[in-house]
Amino acid sequence: MAAGRGGPGHRQWRFKLLGGPQCGLLLGRAELVRTLARHPLARALRVDKLTLAALEATLNSPATPTRSALHAELRELRERAGRLAATLAAEGVPARVVDSPAVVGGGGAPGMVLPSAAVALPEAFAAPLRQGPTPVVGRTADGSCLLDLRTVPAPADAELAAAVRLAAEWLARP
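Parameters at a glance
- Counting starts from 1 at the beginning of each chain's written sequence and moves along it residue by residue.
- Under the rules for a predicted model, residues below a pLDDT of 70 receive no local features and side-chain atom pairs below 80 are neither given nor counted, while totals for whole chains, interfaces and linings still include all residues.
- Each side-chain value is worked out from all heavy atoms of the structure, with water and hydrogens disregarded.
- We define a nonpolar core as any set of buried Ala, Val, Leu, Ile, Met, Phe, Trp, Tyr and Cys residues linked to one another through side-chain atoms lying within 4.5 Å.
- Buried residues are those whose accessible area, probed at 1.4 Å on protein chains only, stays under 20% of the maximum for their type, while exposed residues exceed 50% and partly exposed ones sit between those limits.
- Numbered from the N terminus, helices here are DSSP runs of H or I no shorter than four residues, and strands are runs of E no shorter than two.
- Here, two residues are considered to be in contact whenever any of their heavy atoms come within 4.5 Å of each other.
- Definition of a polar contact: a pair of N or O atoms within 3.5 Å, with one able to donate and the other able to accept a hydrogen when the atoms are protein atoms, and with sequence-neighbouring residues admitted only if both atoms are side-chain atoms.
- In a helix, the anticipated span is given by 1.5 Å times the number of residues less one.
- By construction, the arc corresponds to the directions joining the helix axis to the C-beta atoms.

**With respect to the nonpolar core**
Consideration 1: Formed by 24 residues in total, the largest nonpolar core has its most connected members in Leu-88, Val-119, Leu-121, Phe-125, Leu-129, Leu-147 and Val-164.
Consideration 2: With six residues, the single largest contributor to this core is helix H7 (residues 157-172).
Consideration 3: Setting aside residues no more than four positions away along its own chain, Leu-129 makes contact with Leu-121, Thr-134, Pro-135, Val-136, Cys-145, Leu-147, Ala-163, Val-164 and Ala-167.

This is the structure:
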């Protein structure tokens, strides 16, 4: 959330990376808000009840997936990556932990990079992971398929491991 001066007597707030519906809130002095509400474009720009309900649900929820990803602790991400890589390696899958820059991107924070941790697999895993029954999209770099855990909720780690196992089985076929 960022605050900026929008002119005399009012403050403009911009909520970015909320992880909810596309909409905005206009806050300020009552007379200024009333003036803007009477503008001919106000009706065209007004959001519908479904969007308002989605915004309310987003604001009242404990944490959106976006918020959880943005605030994930690097130490925790590395620990999860270590557990996942160790489990996979014990099963014969060539997996290791690497540091990974996670780019927030989009309109909310273009170019913002957060430190993260990934499970690195051979690049050959990228296609079977995408095409599996539970599609997984990794990032390929330097001959590796990187599965950045900042983008995976912790409860999904077992499902991710299962998808990697299936990809390994597919790659092992003659």
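**As for the side chain of Thr-51**
Consideration 1: With respect to the helices, strands and loops of the structure, Thr-51 is situated in helix H3 (residues 49-60).
Consideration 2: Among the polar contacts made by the side chain of Thr-51, one reaches the side chain of Asp-48 at a distance of 2.7 Å.
Consideration 3: Those residues within four positions of Thr-51 in sequence are excluded, and the remaining contacts are Pro-21, Gln-22 and Cys-23.

**Concerning helix H5 (residues 74-90)**
Consideration 1: Taking 1.5 Å per residue, 17 residues should reach 24 Å; H5 reaches 24 Å between its end C-alpha atoms and fits that length.
Consideration 2: Looking at H5, one finds that the buried residues are Leu-77, Arg-80, Ala-81, Leu-84, Ala-85 and Leu-88. On an axial view of H5, the arc spanned by its buried residues comes to 130 degrees, and they lie on one face. Opposite the buried face of H5, at more than 90 degrees from it, the exposed residues are Arg-75, Arg-83 and Ala-90.
Consideration 3: Positive backbone phi, at 90 degrees, marks Gly-92, one or two positions downstream of H5.

**Thoughts on the environment of Thr-87**
Consideration 1: Position of Thr-87 among the secondary structure elements: in helix H5.
Consideration 2: Sequence spacing of Thr-87 and Ala-161 is 74 residues, and the spatial spacing of their C-alpha atoms is 8.3 Å.

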